[in-house]
There are 2 protein chains.
Amino acid sequence: MTEVATAQKADGPRSTRKRQAILAAATEVFLKSGYLGTNMDEIAALSEVSKQTVYKHFASKEALFIEIVTSMTGAAGDSVHDQAPEFDESGDLATYLHDYAERQLIVVLTPRLMQLRRLVIGEVSRFPELAKVLYERGPQRAMTALATIFERLAERDLLTIDDPMVAASHFNWLIMSTPVNQAMLLGDSAIPSPEELRRHAADGVRVFLAAYGKQQS
Amino acid sequence: MTEVATAQKADGPRSTRKRQAILAAATEVFLKSGYLGTNMDEIAALSEVSKQTVYKHFASKEALFIEIVTSMTGAAGDSVHDQAPEFDESGDLATYLHDYAERQLIVVLTPRLMQLRRLVIGEVSRFPELAKVLYERGPQRAMTALATIFERLAERDLLTIDDPMVAASHFNWLIMSTPVNQAMLLGDSAIPSPEELRRHAADGVRVFLAAYGKQQS
DNA sequence: CAACAGTACTGGACAGTCTAGTTTTATGCA
DNA sequence: TGCATAAAACTAGACTGTCCAGTACTGTTG
């Protein structure tokens, strides 16, 4: 245990630490002020680094922005999907879907992620590639994963599914639409509480199962 | 017929014409470049008006922006709702809902409205009120109207509905989510064709009726 | 010696104002 | 009605003050 991964700071050579500090500060500032609203002096000040050093690590404001958005997007996408269990035969399908939905909601409905989404949407015309990446690593990825799950459940005769991708889309948006769209326009304060999310997930799952489930309970 | 309402230009006194020209130009520029990315000289040039005149009509860039977004938001909201017929007893409920969905999709999925939505979302932290207005006159209004319709249909025993607002939300997002979210992040070129929208509407209505309809066909 | 801090600097953009001269519209009078 | 004239709105463009991305320079530190 000579090497400690104590997270946060004091890690690696100075250059690397500075780089991390810049990335962290830039993330805050960009999320807070948008691309055009951000100035590089503020990033330098917040990361306690000279402006020169910022430009040593990143060629331009644009490069720094792309770096940050790309990395946040990837990280967020991963954290949603690295913990999805398979359906246990003995359990209840509704419960399984409900848990799946709730997990998804909790991870996605984070102020930072909502702010990232607003930021990227607002910059679609300036950075179309970033938005495309966010779409692919966000909704697209979630729905593809769901489609695979649904396909298996259909093979096991637990669901009646025509087009798995359509079903996945329906499930995904039944769950995510309301809170995401509210958060987009009404701000982070409109993000529902965990209890509200649970109720909301239950409603969505009920509708989904009415359309795609086997027996009507 | 001494007074001709020949639309577009040459209408009313000069001052009014100029004002309209400024509003039209500003709308284009703001939609294209965003709030911070827009400069007032470009608006003046595009509207073929001097900068002075712009400032005679609007106190500031901010005031002009608010004016434009508010008016576009209102107009769009109206055009969605001023043409919603009631359900004709003799017709098919699925067809009625399908038509309703299709109308909504066609009106909302316009490049200008999608761009407006991106713009407002990107400026949530700077103009939270504008975003709130867009939410209320957009999704909120649509869902309230739907809830009323569903309540009547439930009274007529054509639907089985617990909470009309929840049902309205489910219907609304089953229909709107996929295309709207795609358009948000993938750009206007991702807006589906009318045929695709029709198919998409059919899928959404099918799921909705499975959950809220009376007989399972 | 390479990466850093601190800070001054360059060059350009841009919101909003100012000035001086022109055009439109409103008003009053014959 | 028609015409003069004043008030209001307009044009063109220069100008102020500020902000900011990116650079340059002079030391200082790991």
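A.B. asks: How would you summarise the nonpolar core if you had to cite specific residues and measurements?
C.D. replies: Ranked by internal contacts, the top residues of the largest apolar core, which has 121 residues, are A:Phe208 and B:Phe208. Ignoring any residue separated from it by four or fewer positions in sequence, one finds A:Phe208 in contact with A:Leu97, A:His170, A:Phe171 and A:Leu174.

A.B. asks: Give me the lowdown on the packing of helix H4 (residues 61-81) of chain A against helix H7 (residues 128-155) of chain A, citing residues and values where you can.
C.D. replies: All names here are of chain A. Look at H4 against H7: their axes get within 9 Å of each other, and the N-to-C directions meet at 5°. Comparing their axes, H7 and H4 come out roughly parallel. Residue-level contacts link Ile66, Val69, Thr70, Thr73, Gly74, Gly77, Val80 and His81 of H4 to Leu130, Val133, Leu134, Arg137, Gly138, Arg141, Ala142 and Ala145 of H7. Split into classes, the residues belonging to the contact of H4 with H7 amount to eight nonpolar, six polar and two charged.

A.B. asks: How would you explain the interface of chain B and chain A if you had to name every residue and give the values?
C.D. replies: Taken together, the contact between chain B and chain A spans 30 residues of the former and 30 residues of the latter. Those elements giving two or more residues to the side of chain B that touches chain A turn out to be helix H6 (111-122), helix H7 (128-155), helix H8 (164-186) and helix H9 (194-212) of chain B. With 11 residues, H8(B) is the single largest residue contributor to the side of chain B that touches chain A. Considered class by class, the residues forming the side of chain B that touches chain A number 17 nonpolar, nine polar and four charged.

A.B. asks: Tell me about unusual backbone geometry, and please be specific about residues and values.
C.D. replies: One non-glycine residue, A:Asp157, lies in positive phi territory at about 65°. Residue position: A:Asp157 is located in the loop between H7 and helix H8 (164-186). What makes A:Asp157 exposed here is the crowd of 8 C-beta atoms within 10 Å. For B:Glu48, which is not a glycine, the phi torsion comes out positive at approximately 55°. Position of B:Glu48 relative to the elements: it lies in the loop between helix H2 (40-46) and helix H3 (51-57).

A.B. asks: Describe H8(B), and please don't skip the residues or the numbers.
C.D. replies: Residues and elements named next belong to chain B. Look at H8: 32 Å from first C-alpha to last across 23 residues, which is about the 33 Å you get at 1.5 Å a residue. At Met176, H8 shows its largest bend, some 45°, and a proline, Pro179, comes one to four positions later. Counting buried positions over the 23 residues of H8 gives 20, a clear majority of the element. A positive backbone phi angle near 90° is found at Gly187, which sits one or two residues after H8.

What counts and how
Residues numbered from 1 in each chain as written. Chains lettered and ligands numbered in written order. Predicted model: local features only at pLDDT ≥ 70, side-chain atom pairs only at ≥ 80, totals over all residues. Core = buried A, V, L, I, M, F, W, Y, C linked by C-beta atoms within 7 Å. Buried ≥ 20, exposed ≤ 12 C-beta atoms within 10 Å, placed from the backbone. Contact = placed C-beta atoms within 7 Å. Axes fitted to C-alpha atoms, helices over the stretch in contact; angles between N-to-C directions. Helix = DSSP H or I, 4+ residues; strand = E, 2+ residues; numbered from the N terminus. Parallel < 35°, antiparallel > 145°, perpendicular 65-115°, else oblique. Nonpolar A, V, L, I, M, F, W, Y, C, P; charged D, E, K, R; others polar. Expected span 1.5 Å × (residues − 1). Bend = angle between axes of the 7 residues up to and from the residue.

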